[in-house]
Each structure stands twice: as C-alpha cells, then as structure tokens.
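Observations on the model geometry
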Amino acid sequence: MLDIHRLRVFRSVVASGSVQAAAANLGYTPSAVSQHINQLQRETGLSLFEKAGRGICPTPTGRLLAEHSDDAMGALARLDDVVTDLRQGRTGSLSIACFSSAGEEWVPQLVAKLQREFADVLITVDLNEHSEAFRPECDLDIRTEDLSEPPVRLKGYTRHELMTEQYVAVVPAKHPLADRESVTMSELAEYPWIDDSDEAQTCGRILQRAINKSGVRPRVVAECQDHHTSFALVAAGIGVTMAPRLTLGSLPRKARAVPLEDADVSRGIAVHVRDAAASSPAVRRTLDLLRTIGGA
C-alpha cells in the first residue's frame, strides 16, 4: 500500500515544478522532500522523475500517477471531513456548489428547510462560477447550461434537469421601454448597453449569441463582472442590459424588468448529484426540494 504522506509530497513536487518549491510550500527541507520521493520510487518500483537541466521533471509515468491520484486524495479529504463531523458531534455533512443567483435566491430557503429536517448535518455552500473548469468536490453541483450546447456531464455525477429560465430586458425606471409589456432584442440593442457578459462562461455565450441574432451591435458604455453592478448602472440611467429572471431579486427600485419577446433567449439549470452520495437521505431530500423550488 502506498504511503499517503509520501504521495502528497510527490504531488507537491509535480505541481510546484521543483523539489525546492515543494519544500517551501510544505515547510520541509529540500533533502527531506528528496528522501520522500526516493522512498516512494522504491515502494512503487517506478521511475517518477528524470533530470531536466539543473532540476528534475516528472516522467510520463510520474505524470500518470499524479493524475490518477486525484480521486484518492479527494476521497481522503472527504474522510477527513467525516472524522471532523464525528468529533464535533455531527452525524454527517452536505456540500453544495452553485452559481451566484441560485445562491442568493434558492440556497437560503433550501438550507432553512434542510436544517429543520437534518439538524445535525453540516451544510457548506461554494460558488462554481470561478471558471467552467472549476468544480469543488461536492455532493450537489447546481449549474447553468447553454441550451444550444450538449449538456455537461461530470465524471462521477448524475445530471438532473431542473428548469429552463427566460431572460428579461433590464432598463432604467424612466426609460422609454420601461412601461412596455415586452420588447425585442433588436429594440433593446438600439440603446446604450451595459455589458456584464464573459464569453468564457455559459451566460456570457447566451448573451452574445442573442445580441448577434438581433442584427444590431449595441454601443457598450460600461463593462462589469456581475449582475449587481450591472443593475446599479442601469438604475443610475447609464444604459440597458439583459439578465436571467433568477437575478431579479436584487433589482434596484430605479430599474425595471421587461419581458423579452425572443423566447429562445433562455438558459437551462441542472443539478449534478455525486453518485457516491446519491443514497444519502439529506442529498435525496435536497434534490426533491430543488425540483420543487425550480418548478415554482
């Protein structure tokens, strides 16, 4: 059986790029790190590093071992969490990853109901919007989806569709479009535009495609990174924008949401449930509650 401590040191050297950097990160001496690496190579019978100039770099075998050790280290981290929960008198934990508007609008009512039913379960919530590739090791991962793209499939998770959500126009309260029953994308794009889209993310791609389909290239007067700032700029009369309905809980008093006539400007929302946690009563109940909240 592999020594877990040596495996952690090995992974640090691979990630850090050198023995010296790994030693600094771990608080060890370089000689101690080298000893751990040499012992791991003897344990496995594998050549994990080779010389590269004055330093070393992982061999193809070493890179494969580092890659395949991810699941093992994740399992160890979860086991550490279990031990911590038991030591503190909790009978379990539940981890949820979500995007920001779901965190604001869904998670508070979700956690309130779960706490009443599972008082001894520790609930943690993380954001998954840092990048499309970022995913904390969690029991449930709530994600937005571009309906024009194939659904994302996460390894070790089962996907459950929750809802399709329409976008709306967001305009200043005294804007000419504010009292309309609905507007088209072409009409909206004629006005100064506040851009909070990032084409590296799902919502950014949806917004940019909707703008392209309008046939009009709006004049961007401000750029920002989140809907809170975007809404504040709209409320100040600086321009107009577009947003999913779920974000409207934070809409300022001096801004108005107007339905879009373009029905295809929408996003999907799905939750991915970790297979290893799917039998947990707390996880099953969370999935039921998300279906109810999404349906409402």
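What comes next concerns the included structure. (Residues numbered from 1 in each chain as written. Predicted model: local features only at pLDDT ≥ 70, side-chain atom pairs only at ≥ 80, totals over all residues. Heavy atoms only, no water.)

Right, let's talk about helix 9 (residues 202–214) for a bit. A rise of 1.5 Å per residue sets the reference length of helix 9, with its 13 residues, at 18 Å; its end C-alpha atoms lie 19 Å apart and thus fit the reference within 8%. Taken residue by residue, helix 9 has Thr-202, Gly-204, Ile-206, Leu-207, Gln-208, Ala-210, Ile-211 and Ser-214 as its buried positions. Structurally, helix 9 contributes buried residues whose contacts are with strand 5 (140–145), strand 6 (157–172), helix 8 (185–188), strand 7 (193–195), strand 9 (241–244) and strand 11 (266–274). Within two residues after helix 9, Gly-215 carries a phi angle of roughly 80°, on the positive side. (Helix = DSSP H or I, 4+ residues; strand = E, 2+ residues; numbered from the N terminus. Expected span 1.5 Å × (residues − 1). Buried < 20%, exposed > 50% of the residue type's maximum accessible area, 1.4 Å probe, protein only. Contact = heavy atoms within 4.5 Å.)

Bringing a positive patch on the surface into the picture now. Positive charge collects at one region of the surface, where Lys-174, Arg-253, Lys-254 and Arg-256 lie side by side. Take Arg-256: it is sitting in strand 10 (residues 255–259). (Patch = residues over 30% accessible without salt bridge, like charges linked within 9 Å, V, L, I, M, F, W, Y side chains within 5 Å. Areas by Shrake-Rupley, 256 points an atom, 1.4 Å probe, with all protein chains shown as cover. Salt bridge = Lys/Arg side-chain N within 4 Å of Asp/Glu carboxyl O. Lys, Arg positive; Asp, Glu negative; His and termini not counted. Charge placed at Lys NZ, Arg CZ, Asp CG, Glu CD.)

Turning our eyes to something else, we now look at the side chain of Arg-159. Relative to the helices and strands, Arg-159 is located in strand 6. The exposure class of Arg-159 is buried, given its relative accessible area of 17%. Within polar-contact distance, the side chain of Arg-159 engages the side chain of Glu-145 at 2.8 Å. Among the polar contacts made by the side chain of Arg-159, one reaches the side chain of Glu-161 at a distance of 3.3 Å. (Polar contact = N/O pair within 3.5 Å; in protein donor to acceptor, adjacent residues only side chain to side chain.)

So, about the layout of surface pockets. Taken as a whole, the largest pocket holds about 720 Å³ of empty space. Lining the largest pocket are 37 residues; nearest its centre among them are Glu-129, Thr-144, Gln-201, Thr-202 and Cys-203. For the lining of the largest pocket, the secondary-structure elements that each account for two or more residues are helix 6 (100–105), strand 5, helix 9, strand 9 and strand 11. It is helix 9 that contributes the most residues to the lining of the largest pocket, five residues altogether. Tallied by class, residues from the lining of the largest pocket come to 13 nonpolar, 13 polar and eleven charged. (1 Å grid on protein atoms, 1.4 Å probe; cavity = no way out; pocket = protein on both sides within 12 Å on 5 of 7 lines; lining within 4 Å. Points joined across faces, edges and corners; volume = space filled by probe spheres on them. Nonpolar A, V, L, I, M, F, W, Y, C, P; charged D, E, K, R; others polar.)

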